[in-house]
Structures are given as structure tokens and as C-alpha cells.
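Report on the structure
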Amino acid sequence: PIPCDLSSFAEIRDAVAVLRNSIDHLDILANNAGLWPPKPSKSQDNIELTLHVNLIAPYLLFKETKDLLLQSSDARVITTSSGLHQGTISFEDLEFEQSYSGFKAYRQSKLGVILLMRYLATQEDLKDIRFFSQHPGLIRTQLARQHNWFLRMVFLLLGKSTKKGAQTLLHLCRADRDSLENGSYYAKCKPDPATPESRNMDTAERLVERLESYLSNA
């Protein structure tokens, strides 16, 4: 294992530098870390924490490992989204500084994941890499640990085991990639249409431009 705090651009880059010492190619980049803070929080780079960890960090990890992925004959990038991705991207206030909502910040980050994977799948220079987003379902994890008792009980009583929750991610790792739909959002091991907004490529392109602006300032 290589420890890495995903709320720090520097730690992500340092972790990839360590990784390069032991590999010359990368077959799978599975971005499965995420959080859902109920109150406004900032990352080490002074960015709203949910946006940073759930969306910007996976994009930076991809950019830092892109050359390694292109050296693989079976490269795929899989990023965990959520069934809660409904809504829109709040471009006028991406970090919800005017009126913070933990739910909206989480929902936006997961919509952003789907848009990002769809966008990258359309890029000609990345045609040798396959991109997917996936919904694990409601899982019995500590995602709601900072929330009220009711939401914590929902996760505890209604959530599936982590083993069951991993099945779609594992499917995307193991299946013949030519049998998978590049750029698609998967749920229950099958492509899911998701929301119309998650297929808006104009929104996806605009989002990537904003993500690039965060990284250019880091």
C-alpha cells in the first residue's frame, strides 16, 4: 500500500511518484474513495472537501498516471459515482460558498464523476483507455458517520455488505473490456442510462475546464 491523503494535490503527486518506482504500466485505476461531510470543510488546498476528494482527486490521479495507463494493453479507469447523482452542476457556485448543502455537494460530485468519465471516453488521444463510472448501491459503510443518527441508521439497517457493494466495480475490472460500454455508468453490473444531465457533453466539457483551472493553480 502507498498511503495518500486525497485532499492534498501534493500527496497525490507524491504517491504516484512512489508508484512509478515499482511499475512501468498500469492496467486499472479504480477511484473508489469518497466522503460526504455534512458541514462546510476545506481540503489542504483550500477547496471544498467533497468536490476535492470525490471529483478533482480522481481526475488528478488519472492525469498523473495517464502515461502508465497508455502503456497497458487493457487499460481502464473506473470511478465510483452514486445513484444520488441527480441534479445539475452549480457552475456559478461550484463550492457552495453562498449556501452550503452537504447533500448538494455530494450529489454534484457524483454527477461530475459520470460526466468526467463520459467526456474522457470521447477523447481521441485516450482511445486506448476505457472509462467507466459505477454505482455500488446503498452500502453498509461509514460514509454517513458525521451525519445525524437517522441517516446513520439507514446505512446500517438498509445497506448491503461491502462484499455485495463491490460487485459492479469488480465486474468492470474483470470483464472483457470489449464487452463493456466505454464511458457508461454501470449499476448492478449493467449499463444504466442515469439522468439526462449526466449525458450532456457541453456540461461535461465545461466541467473539465473548471477542473483544469483548479489543477493549474495548484
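Before reading on, note that the structure itself is shown above.
Just so you know, the residues in each chain are numbered from 1, in the order the chain's sequence is written. In keeping with the model being predicted, local features are shown solely for residues with a pLDDT of at least 70 and side-chain atom pairs are shown and tallied solely at 80 or more, while totals for entire chains, interfaces and linings include all residues. As a convention, hydrogens and water are excluded, and side-chain values are obtained from all of the structure's heavy atoms.

Notes on the pairing of strand 2 (residues 75-80)
Counted residue by residue, strand 2 has six buried out of six residues, so it is predominantly covered. For every residue, the accessible area obtained with a 1.4 Å probe (protein chains only) is divided by the maximum for its type, and the residue is called buried under 20%, exposed over 50%, and partly exposed between those limits. By the criteria applied, helices consist of DSSP H or I runs no shorter than four residues and strands consist of E runs no shorter than two, each listed in order from the N terminus. The side-chain alternation of strand 2 yields two buried faces, one formed by Ala75, Val77 and Thr79 and the other by Arg76, Ile78 and Thr80. When DSSP locates at least two bridges between a pair of strands, those strands are taken to pair. As paired strands, strand 1 (residues 28-31) and strand 2 are joined by four bridges and run parallel to one another. Across the sheet, residue Leu29 finds its bridge partner in strand 2, namely Val77.

Focus: the layout of surface pockets
Where empty space is left can be seen by rolling a probe of water-molecule size over the atoms. Each cavity reported here is a set of points on a 1 Å grid over the protein atoms alone in which a 1.4 Å probe fits but cannot get out, each pocket an open set with protein on both sides within 12 Å along at least five of seven lines, and each lining residue one with an atom within 4 Å of a point. Grid points are joined across faces, edges and corners, and a volume is the space filled by probe spheres set on the points. Approximately 330 Å³ is the volume found for the second largest pocket. What lines the second largest pocket is a set of 16 residues, among which Ile2, Cys4, Ala15, Leu29 and Leu61 lie closest to the centre. The element best represented in the lining of the second largest pocket is helix 2 (residues 49-69), accounting for four residues. Looking at side-chain class alone, the lining of the second largest pocket contains 13 nonpolar, three polar and no charged residues. Classification used: nonpolar for Ala, Val, Leu, Ile, Met, Phe, Trp, Tyr, Cys and Pro, charged for Asp, Glu, Lys and Arg, polar for all others including Gly.

Focus: the environment of Pro37
With respect to the helices and strands, the residue Pro37 is situated in the loop between strand 1 and helix 2. Separated by 69 residues in sequence, Pro37 and Tyr106 place their C-alpha atoms 8.3 Å apart.

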